[in-house]
Every structure is written in C-alpha cells, then in structure tokens.
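One letter stands for each residue in the lines below.
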Amino acid sequence: ADAVTCTTKSLVKRYGYGHGYILPNLVPERYLDIEHKPPIRAIGWSGHVGTHPQDLDITTGAIGRSLDSDPTCAFLTIGSPWGVQDALKLTREPMAIEWAPFHQYAAEMTKLTIGIVPLAPTKFNAGKSSLKMSEMAAVGVPVVASPTPDNVRLNNLGVGLIAHTPAQWERHVTHLMKDPHYRAEIAEQGREVM
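Everything numeric here is computed off the predicted structure, so don't read it as measured data.

Some details on the overall build of the protein chain
Okay, so step 1: Secondary structure summary: the protein chain contains nine helices and eight strands in total.
Okay, so step 2: Expected size for 194 residues packed as a compact globule is a radius of gyration near 16 Å; at 16 Å, the protein chain falls within 12% of this value.
Okay, so step 3: Across its three principal directions, the C-alpha atoms of the protein chain cover 55 × 35 × 30 Å.
Okay, so step 4: For the protein chain, with 194 residues in total, the buried portion stands at 48%.
Okay, so step 5: Of all intrachain contacts in the protein chain linking residues separated by at least 6 positions in sequence, the fraction that spans at least 24 positions is 65%.
Okay, so step 6: Entry remark: accessible area of the protein chain is about 9,800 Å², with carbon and sulfur atoms responsible for 57%.
Okay, so step 7: The protein chain carries 18 positive and 19 negative side-chain charges, and their two centres are separated by 5 Å.

As structure tokens, this is what we get:
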C-alpha cells in the first residue's frame, strides 16, 4: 500500500510500516444539531461489559458512590445492562436502552445528563480512538473519560474531563451532577470543539 490510514498514533506506529497516516475518527455533522434535553437525570455509558472487560471496574465504585449521593439521579446504559451494576458497584439497578438502531444511536445518547468513558489501561485500549468521547460531546453530553492517548488528545482540545484515579472519577462526576452551570459549561465547550 502507498498509505495506511489509522485512527491513532499507536495504530500508525504498529501498522503504518513507515507510510502510515492518522485519520482521526469524527462524527457526522448532524450530531451537532440534535437537541440535548435528557428526560431524566442520568449518568450513562454506551457499551456492553462482554466487549469491555474490566473497563467499568477501573472506577472501583466511584460511579456508585456519586449516584448514592443523589438519589434523584439514575444510571442509564445504552446497550446491555448485563454486568454493569456489579462492575460499577451500583446500589440501584441501571436503566437500559438495549441496542438502539444505528440511525437512532445519537438521539439515544442525548438521554444522558453526564457520560462516562472508562477504559482499563491495556495496550488494546491505548490504541482506541476517542470516538465515544466525541459522540457524547457532539450531542451536548458532558463527558468524563479515562486517560487513553486519544482521549487526552481530545481533552487537550477542550472536550470533557479526564479521570486518572477513582477519586477523580468520583469528584468529576459528582461535581457535574451537583452543579448545572459547570455541567453546561463543559457540555458547551465540548460541543463547540466537535
């Protein structure tokens, strides 16, 4: 091949063979026009525990503690709820929107008040693009994410918050839950970058 395109630096390093180029994942422009008006207060995640082993576990109960501090806020999974309650140490069962069709996916994400993108510190995750973070920010959801290289890149542009430790997960999520002005500021800034 004359050129190999990859979504992240680590993929270019591994698969570019000297002629690799980064072509970052982006989201459709129409995401920016979707109104963000969550019907309930909900912290949420998009995925399935079966394809994200140990990713939710890295918060070591921080999300559950944040939710316990505000009984009016729920947890919403976009995808299967199987294993989510145990992995996040939630005292309440999560709500779920199971596998929305692709054309409805962005609209379903607007049901989140706050989005989380926890990723375990693995070589596989280090190669991932910041797509989930990008999707959430584009539809107006303030997001807290793990410090994978591409999530940090997007955060440096002004999108979301990065949590390096369980204490930071709890602090960021709780602050976003309790302060609507801060939540709006983080959401607006992320959407503007996207």
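Let us keep going from here.
Points about the side chain of Thr 77
Okay, so step 1: Tracing the chain through its elements places Thr 77 in strand 4 (residues 74-78).
Okay, so step 2: If sequence neighbours within four positions are ignored, Thr 77 has contacts with Trp 45, Gly 47, Val 84, Pro 94, Met 95, Ala 96 and Ile 97.

What to know about the pattern of salt bridges
Should their charged atoms come close, side chains of opposite charge can pair.
Okay, so step 1: Within this structure, the stated rule accounts for six salt bridges.
Okay, so step 2: Across the pair Glu 35 and Lys 37 runs a salt bridge, and its minimum N-O distance is 3.7 Å. Per residue, the accessibility class of Glu 35 equals that of Lys 37, and both read exposed.
Okay, so step 3: Among the salt bridges present, the one from Arg 65 reaches Glu 170, with a minimum N-O distance of 2.8 Å. Here Glu 170 lies in helix 8 (residues 166-178) and Arg 65 lies in helix 2 (residues 62-68), a separation of 105 residues in the sequence.
Okay, so step 4: Classification of Arg 65 as partly exposed rests on a relative accessible area of 38%.

Quick notes on the rules
- Each chain carries its own residue numbering, running from 1 in the direction its sequence is written.
- Residues qualify for local features only when their pLDDT is at least 70, as the model is predicted, and side-chain atom pairs are given and counted only at 80 or more; totals for whole chains, interfaces and linings, by contrast, use all residues.
- Excluding hydrogens and water, the side-chain values take into account all heavy atoms of the structure.
- Where helices and strands are cited, they refer to DSSP runs of H or I of at least four residues and of E of at least two residues respectively, numbered from the N terminus.
- Radius of gyration here uses only the C-alpha atoms, and the compact-globule reference equals 2.2 Å multiplied by the residue count raised to the power 0.38.
- Burial classes follow relative accessibility: with a 1.4 Å probe on protein chains only, a residue under 20% of its type's maximum area counts as buried, one over 50% as exposed, and anything between as partly exposed.
- Contacts are residue-level and defined by heavy atoms, with any inter-residue pair within 4.5 Å sufficient.
- To measure how exposed things are, a 1.4 Å probe is used in the Shrake-Rupley method; for residues, cover is taken only from the protein chains shown.
- When charges are tallied, Lys and Arg are placed among the positive residues and Asp and Glu among the negative ones, while His and the ends of the chain are skipped.
- In this description, the location of a charge corresponds to atom NZ of lysine, CZ of arginine, CG of aspartate or CD of glutamate.
- Note on definitions: salt bridges are taken to be side-chain nitrogens of Lys or Arg within 4 Å of carboxyl oxygens of Asp or Glu.

Read these as layout, nothing more, since geometry by itself doesn't imply function.
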